[in-house]
Amino acid sequence: MRTVALGLACLTISTSAAFSAEAEEDAPAKPAVPNIYLDLRTTYATIPAGTLGLGFGNTSLSAALQALAVRRGAALSNGLPAAKSIAVDLPLTVDVNDRVSLYGGVSGSTTDIGGGWSTFDITSWNIGVQADLYRQNGGSIPTITLQSTLTQSVPNDQGMTNSFNNILEFDYALDEDETRGWLAGMQYTTTTIASPFASIRPNTIVYAGGYYQWPSNWKFTGRLGLQSFGGAQLAGRTLAESFTQPILRLDLDRMDDNDNRLFGITAQIAWMPKPSYQVTLRTPLYAVRN
């Protein structure tokens, strides 16, 4: 009996070890190197007279136009003219894991305020982090994501602006694969200016929306919200009026099987109160893609 028991015990241990080894082989291996890429974004925007480049997440464009407005404000006796702008963002992004991403880089832009396009120059730099504070993982509490970005216009002289942009978003997935769901969130942006005669008040966006991802890995996301801007002043007169108006953003992204973005296009309409149109192309350049 002792011999039989000892044999069964040895068989159990060896079987458990075999199953454990198979489980380790079946489990996906963690990548040795995180995703590293330039999240190249090219934006074209039209901005109505009397306002700044505001909206979802476009702090580099906003910083460039704010600094330009302050530097030229004294010469613009009739207020800010309508503008067109092209901005290129080059943040180097590192996906530390599937919950945290770090990024930082420079942005360049060219602007036309009625006298032709300006020279394309580096106009700001930024650093930031995006982190999932909580993951739904099939539960009833949505995924909570915080993204914070610090943007500073260049050159570092009179009229330089610093913008701090925070986005808190709630993502409630309706299926286990998280291919469809609802979104809700808030974006809050504060800006300081290196000038005792100018000020820009905070900009706030509250929004809701949803997303759907097809089996082909094309993903559509829509957000509709309300944007409230406190206005901008220079030397006691108004550069940009305050407003509270709707804002709409639509995203179409091509993802891979691991939810890495391969291509994206974003269209935005923001009423300020006249409509401002913005189109952004996202073409990430991967050094490492897991």
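Our structure is the block above this text.
Bear in mind that the values here come from a model prediction, so they are computed numbers and not experimental data.

Q: Looking at this structure, how should I read the overall build of the protein chain?
A: Scanning the protein chain for helices and strands turns up two helices and 16 strands. Residues counted as buried form 40% of the 290 residues belonging to the protein chain. In the protein chain, the proportion of contacts linking residues at least 24 apart, taken out of those at least 6 apart, comes to 58%.

Q: What is the right way to look at the pattern of salt bridges in this model?
A: Tallied over the entire structure, the rule returns 11 salt bridges. Among the ionic pairs, Arg-282 bridges to Asp-39, the shortest N-O distance being 2.3 Å. With Arg-282 in strand β15 (residues 275–282) and Asp-39 in the loop between β1 (35–38) and β2 (41–47), the pair connects residues that are 243 residues apart, well separated along the chain. Neither residue differs from the other here; Arg-282 and Asp-39 are each classed as buried.

Q: For this particular structure, what's the right way to read a nonpolar patch on the surface?
A: The grouping of Tyr-212, Trp-214, Trp-218, Phe-220, Leu-250, Leu-252, Leu-262, Phe-263, Ile-265, Val-279 and Leu-281 at the surface amounts to a nonpolar patch, some 860 Å² of accessible area in total. Going through the elements one at a time, β10 (218–229), β13 (243–255), β14 (261–271) and β15 are the ones with two or more residues in the nonpolar patch. Take the nonpolar patch: its biggest share by element is three residues, from β14. Structurally, Val-279 can be placed in strand β15. By relative accessible area, which is 39% here, Val-279 ends up partly exposed.

Q: Please explain the nonpolar core as it appears in this structure.
A: Counting 19 residues, the largest nonpolar core has Leu-52, Leu-54, Ile-200, Phe-229 and Ala-232 as its most contacted members. Those elements that provide at least two residues to this core are β9 (198–213), β11 (232–234), β12 (237–240) and β13. When residues in this core are grouped by element, the largest group, four residues, is from β9. The residues touching Phe-229, leaving out its near neighbours within four places in the chain, are Leu-52, Leu-54, Ile-200, Arg-201, Pro-202, Asn-203, Ala-240, Glu-241, Ser-242 and Phe-243.

Q: Please clarify how unusual backbone geometry should be interpreted in this entry.
A: Across residues other than glycine, the phi torsion is negative in most instances, and most of the peptide bonds are trans. Note the cis peptide between Met-272 and Pro-273, where omega equals -10 degrees. With respect to the helices, strands and loops of the structure, Pro-273 is situated in the loop between β14 and β15. A positive phi is found at Glu-178, a non-glycine position, where the angle reads about 55 degrees. Among the structural elements, Glu-178 can be located in the loop between β7 (161–173) and β8 (180–193).

About the criteria used
Residues numbered from 1 in each chain as written. Predicted model: local features only at pLDDT ≥ 70, side-chain atom pairs only at ≥ 80, totals over all residues. Heavy atoms only, no water. Helix = DSSP H or I, 4+ residues; strand = E, 2+ residues; numbered from the N terminus. Buried < 20%, exposed > 50% of the residue type's maximum accessible area, 1.4 Å probe, protein only. Contact = heavy atoms within 4.5 Å. Salt bridge = Lys/Arg side-chain N within 4 Å of Asp/Glu carboxyl O. Patch = residues over 30% accessible without salt bridge, like charges linked within 9 Å, V, L, I, M, F, W, Y side chains within 5 Å. Areas by Shrake-Rupley, 256 points an atom, 1.4 Å probe, with all protein chains shown as cover. Core = buried A, V, L, I, M, F, W, Y, C linked by side-chain atoms within 4.5 Å.

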